[in-house]
Amino acid sequence: MSGVTGSNGTSTTDGTVRGVLFDIDDTLVDTARAFAAGLAEAFGTLTELTPQAQADAVRIWRADAGGHYRRYVAGEVGIVEQRRARVLEITRHLGLDDLDDDGFAAWDEAYRAAFAASWALFDDAHACVAAAVDAGLAVGAVTNAPGEMQRAKIAAVGLADVLGSLVAVDTLGVGKPDPRVFHEGCRLIGTEPSATVYVGDELDVDALAAVEAGLRGVWLDRPGRRRGGPHAVSDERLAEARAAGVAVIASLRELPEVWGSART
Ligand SMILES: [Mg+2]
């Protein structure tokens, strides 16, 4: 992209990327795998799960057809409350009795311990973050999960030294797709939105929302990792997003091409 001159005659951008903001869950960290471990452990305390039942639990959890997590991000329900609502959908699918307060508390303890014990990076994540740092780019993260958990997660996967700049859902009290969280991420790493790449695994709340906030939005569409239910991406929706400026990659190995190509 060549340099752009604003209508007032001042240079607004030379097209160079100065920073990269990363989504965390299912972008850097294989959260779906950690969910599977947490759900298997917690539901395993209630019943003997068949492989099919385990797969169903993960599918229902990730699809979140009831929109409970998005209601949490919007500040409408608490994080434990949204988790309990999603557990209820799965217990009913599995034909189990609804959990009372004590039953849910025990479920939640088992879930959270197994979930946290399973945090790990995708095999392309560390090299991508390191490449950004080596390229002299400022890096940070913008996430729709609570800051305390995300800082623990970042530390657990060995990225605490480079991802200290974090905007979590409780930083401003709102989450993606609100443009303010992307702008706060840029402020923390000291870049203009137009000179900042944002990469995430959800087309709407990550890539398209980043573009709408003035960043360079990238959708990480990992093979076999799309979520179902209300998160399904139609061809038409994808075409609209591309037309709006969203770049699409299948692996974080492709991300350096995105920031590199913006320099020419
Ligand atoms: Mg994500």
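Residues numbered from 1 in each chain as written. Predicted model: local features only at pLDDT ≥ 70, side-chain atom pairs only at ≥ 80, totals over all residues. Heavy atoms only, no water.

A. Summary view of the overall build of the protein. A tally of regular secondary structure across the protein gives 11 helices and eight strands. Whereas a compact globule of 264 residues would reach a radius of gyration of roughly 18 Å, the protein reaches 19 Å, a difference of no more than 12%. In terms of principal-axis extent, the alpha carbons of the protein reach across some 65 × 40 × 30 Å. Classification of the 264 residues of the protein by burial places 48% in the buried group. Here the analysis covers contacts within the protein between residues at least 6 apart in sequence; of these, 70% occur between residues at least 24 apart. Surface summary for the protein: the accessible area is close to 12200 Å², and the carbon and sulfur share equals 50%. A gap of 3 Å separates the mean positions of the 25 positive and 39 negative side-chain charges of the protein. (Helix = DSSP H or I, 4+ residues; strand = E, 2+ residues; numbered from the N terminus. Rg over C-alpha atoms; globule rule 2.2 N^0.38 Å. Buried < 20%, exposed > 50% of the residue type's maximum accessible area, 1.4 Å probe, protein only. Contact = heavy atoms within 4.5 Å. Areas by Shrake-Rupley, 256 points an atom, 1.4 Å probe, with all protein chains shown as cover. Lys, Arg positive; Asp, Glu negative; His and termini not counted. Charge placed at Lys NZ, Arg CZ, Asp CG, Glu CD.)

B. Structural view of the coordination of the magnesium ion. Binding of the magnesium ion to the protein goes through Asp-23 (OD), Asp-25 (O) and Asp-201 (OD), at separations of 2.1 to 2.2 Å. Taken in chain order, the donor set of the magnesium ion reads D-x1-D-x175-D. In terms of burial, Asp-23 and Asp-25 fall into one category: buried. (Donors = N, O, S within 2.8 Å, 3.2 Å for Na, K, Ca; no water.)

C. Representation of the packing of aromatic side chains. One pass over the structure, following the stated rule, counts 11 aromatic pairs. Their ring planes at 65° and their centres at 5.9 Å tell us that Phe-35 and Trp-61 sit as a pair that is edge-to-face. Here Phe-35, found in helix H1 (residues 31-44), pairs with Trp-61, found in helix H2 (residues 51-63); they are 26 residues apart in sequence, far enough to count as distant. Residue Phe-35 is classed as buried on the basis of its relative accessible area, which comes to 17%. Between Trp-61 and Trp-107 the ring centres are 6.2 Å apart and the planes differ by 35°, which places this aromatic pair in the tilted class. Of this pair, Trp-61 sits in helix H2 while Trp-107 sits in helix H5 (residues 101-117), and the two are 46 residues apart along the sequence. Residues Trp-61 and Trp-107 agree in their burial class; the two are buried. Through successive ring pairs, a cluster of aromatic residues spans Phe-35, Phe-43, Trp-61, Phe-104, Trp-107, Tyr-111, Phe-115 and Trp-119. Lying across the ring of Trp-61, Arg-86 places its NZ or CZ 4.1 Å from the centre. (Phe/Tyr/Trp six-rings, centres within 6.5 Å; stacked < 30°, edge-to-face > 60°. Lys NZ or Arg CZ within 6 Å of the ring centre and 35° of its normal.)

D. Local environment of H2. Here H2 is 13 residues long and its end C-alpha atoms lie 18 Å apart, about the 18 Å a rise of 1.5 Å per residue gives. On its buried side, H2 packs onto H1, helix H4 (79-93) and H5. (Expected span 1.5 Å × (residues − 1).)

E. Layout of the packing of helix H9 (residues 203-212) against helix H10 (residues 235-244). Packing of H9 against H10 brings their axes to within 9 Å, and their N-to-C directions diverge by 25°. By the angle class used here, H9 and H10 are roughly parallel. In the crossing of H9 with H10, the sense of the turn from one axis to the other is left-handed. Residue-level inspection shows Leu-203, Asp-204, Leu-208 and Val-211 of H9 in contact with H10, the latter providing Arg-237, Leu-238, Ala-241 and Ala-244. In terms of residue class, the contact of H9 with H10 is built from six nonpolar, no polar and two charged. (Axes fitted to C-alpha atoms, helices over the stretch in contact; angles between N-to-C directions. Parallel < 35°, antiparallel > 145°, perpendicular 65-115°, else oblique. Left-handed = near helix turned anticlockwise from the far one by under 90°. Nonpolar A, V, L, I, M, F, W, Y, C, P; charged D, E, K, R; others polar.)

F. Region of the structure containing the layout of surface pockets. One number sums up the size of the largest pocket: a volume of about 640 Å³. Lining the largest pocket we find 34 residues, and of these Asp-25, Phe-35, Tyr-69, Asn-144 and Ala-145 sit closest to its centre. Counting residues per element, the ones that place at least two in the lining of the largest pocket are H1, H2, helix H3 (68-73), H4, H5, helix H7 (147-156) and H9. Counting residues per element, the lining of the largest pocket draws most heavily on H4, which supplies five residues. Within the lining of the largest pocket, the residues separate by chemical class into 14 nonpolar, five polar and 15 charged. Counting residues domain by domain, the lining of the largest pocket receives three or more from each of domain 1 (4-30 + 120-261) and domain 2 (31-117). As a volume, the second largest pocket reaches approximately 270 Å³. Lining the second largest pocket are 20 residues, and of these Asp-201, Glu-202, Leu-203, His-231 and Val-233 sit closest to its centre. Put simply, the parts of the chain that give the lining of the second largest pocket at least two residues each are H9 and strand S7 (216-220). (1 Å grid on protein atoms, 1.4 Å probe; cavity = no way out; pocket = protein on both sides within 12 Å on 5 of 7 lines; lining within 4 Å. Points joined across faces, edges and corners; volume = space filled by probe spheres on them. Domains from an automatic or database assignment.)

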